[in-house]
Every structure is written in C-alpha cells, then in structure tokens.
Amino acid sequence: MSDEPKLKYQWRQTWPDAPRHFSGYDGSRHIAHIHWYHMGWWNWYMTWNHAKNANRWARPNGQADSAREAAIEAEKCYDAVLRCEWPGMLPEDLQCMLEREEWRKGYRKLWEEALAEKGYGPDGKPLKEPSISRRC
C-alpha cells in the first residue's frame, strides 16, 4: 500500500490533448486545476472562488513538486474556503459564492431549455441530423 496521501475529490484530465493538465471536482462542482509548468513544477489554483470581494483573499494558488502534492494543496484550499477559513475570507464571501452557484445552475437550465427548443443538446450540437428535404 502506498504511503502517499489519498485525494479527497475526483481528479481527471482536463483535455484529451493535455496529458499534464487536470481538473478537480467535488461532485459536479469544478473546484480546481493543476498543471505541469515547463520550468519543473506543478501549478495549482482553486477555481471555485467567485466571491464579490475575493481580491482581498490570500491568493488561492501555488506550486508543488508533484501532481499529487498540487492536488492536495488545491483540496486544502477548497476545504478552507468551505469552512470560511481561507486567509482574508469573510462569511459573506462564502454566501456570495453559494448564491452565485445557484444562480448559474438556474441560468444553465434556462440555456439548455432554449437550446432544446431549437433542436440542440446541452453541448450545442443538433439532437438529430436534419432530413435531406430540410437541407434542400
């Protein structure tokens, strides 16, 4: 059994053509990115930090020697934000982020409904191929 610390959240490669870029998720919530920096380290940054006053926070990013260490640091940052303990954070920042997340879910639902009305899926691709008679 490995002595390496276990990751708490789900991590997956962000894009098929970027083998050294990963995204972290807490369920469906996108929480962080890590990626290899060409100078020899891994960068991490938490992406779930859309508070109105997030500019007063300690920066939610950093560097690490390995991908696992970067992911662990990003997870620690995210957990501190959830506890409202990240340096510079106030309770209203967390509330703002949660409200914005709910707003985005509602907006996404409206957007997907509008796409479906036009015959497109959530990815913007046609739900079915138009018939030959419709193309002519």
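If you're wondering where the values come from, they're calculated on a predicted model, not measured in any experiment.

S.K.: I would appreciate a short explanation of the overall build of the chain in the present structure.
M.R.: The secondary structure content of the chain amounts to three helices and five strands. Along its sequence from the N terminus, the chain presents helices and strands in the succession β-β-β-β-β-α-α-α. Its C-alpha atoms give the chain a radius of gyration of 19 Å, clearly above 14 Å, the size a compact globule of 136 residues would have. For the chain, the C-alpha atoms occupy an extent of roughly 60 × 40 × 30 Å along the three principal directions. Relative to its full complement of 136 residues, the chain shows a buried share of 33%.

S.K.: Please explain the pairing of strand E3 (residues 29-37) as it appears in this structure.
M.R.: Every regular strand shows the same layout, with side chains that alternate between the two sheet faces. Here six bridges tie strand E2 (residues 21-26) to E3, and the two strands are oriented antiparallel to one another. Within the sheet, the bridge partner assigned to Asp26 lies in E3 and is Arg29. Linking E2 back to E3 in an antiparallel pair, the connection comprises two residues, with Gly27 at a positive phi of about 65°. In terms of strand pairing, E3 meets strand E4 (residues 41-46) through six bridges, oriented antiparallel. Across the sheet, His33 pairs through a bridge with Tyr45, a residue of E4. Taking the residues between adjacent antiparallel strands as the criterion, E3 and E4 are bridged by three residues, where Gly40 takes a positive phi near 115°.

S.K.: Is there a simple way to explain the confidence of the model for the chain in this structure?
M.R.: When pLDDT drops low, the exact placement of atoms in the prediction is not to be read closely. Across the chain, pLDDT averages 88, with 93% of residues at or above 70. When mean pLDDT is compared element by element in the chain, E2 scores highest at 97, while helix H3 (residues 132-135) scores lowest at 55.

S.K.: Even after reading the chapter, I still don't get the pattern of salt bridges, so can you show me in this structure?
M.R.: Any two side chains of opposite charge can pair if their charged atoms end up close together. Taken as a whole, this structure holds seven salt bridges when the rule is applied. We note a salt bridge from Asp79 to Lys8, for which the minimum N-O separation is 3.4 Å. Note that Asp79 is positioned in helix H1 (residues 67-82) and Lys8 in the segment before strand E1 (10-13), a separation of 71 residues in sequence. Glu113 is paired through a salt bridge with Lys109; the nearest N and O atoms lie 3.1 Å apart. Linking Glu113 with Lys109, this pair stays in helix H2 (residues 91-117), spanning four residues, or about one helical turn. The exposed category is assigned to Lys109, whose relative accessible area is 52%.

S.K.: Whenever I open this one, the sheet that holds E3 confuses me. Can you help?
M.R.: Backbone hydrogen bonds are what pair the strands of a sheet, in a parallel or an antiparallel way. Here we have five strands laid out as an open sheet, ordered E1-E2-E3-E4-E5, and antiparallel in their pairing. Every interior strand has two partners, whereas the edge strands, E1 and strand E5 (61-64), have only one. Ignoring strand direction, the axes of neighbouring strands in this sheet form an average angle of 25°. The pairing of E1 with E2 spans four bridges and is antiparallel. From the neighbouring strand, Trp11 faces E2, where its bridge partner is Gly24. Of the strands in this sheet, E1, E2, E3, E4 and E5 touch H1, which is tilted by about 20° from E4.

S.K.: Could you clarify how one ought to interpret H1 in this entry?
M.R.: Every α-helix carries 3.6 residues per turn, so stepping three or four residues along brings you back to the same face. For H1, spanning 16 residues, the distance from its first C-alpha to its last is 23 Å, which sits close to the expected 22 Å at 1.5 Å a residue. For H1, the set of buried residues is Ala70, Ala71, Ile72, Ala74, Glu75, Cys77, Tyr78, Asp79, Ala80 and Val81. Contacts from the buried residues of H1 go to E1, E2, E3, E4, E5 and H2. In the stretch just after H1, Cys84 is the one whose phi turns positive, near 60°.

Cut-offs used in this document
Residues numbered from 1 in each chain as written. Predicted model: local features only at pLDDT ≥ 70, side-chain atom pairs only at ≥ 80, totals over all residues. Heavy atoms only, no water. Helix = DSSP H or I, 4+ residues; strand = E, 2+ residues; numbered from the N terminus. Rg over C-alpha atoms; globule rule 2.2 N^0.38 Å. Buried < 20%, exposed > 50% of the residue type's maximum accessible area, 1.4 Å probe, protein only. Pairing = 2+ DSSP bridges. pLDDT = per-residue confidence, 0-100. Salt bridge = Lys/Arg side-chain N within 4 Å of Asp/Glu carboxyl O. Axes fitted to C-alpha atoms, helices over the stretch in contact; angles between N-to-C directions. Contact = heavy atoms within 4.5 Å. Expected span 1.5 Å × (residues − 1).

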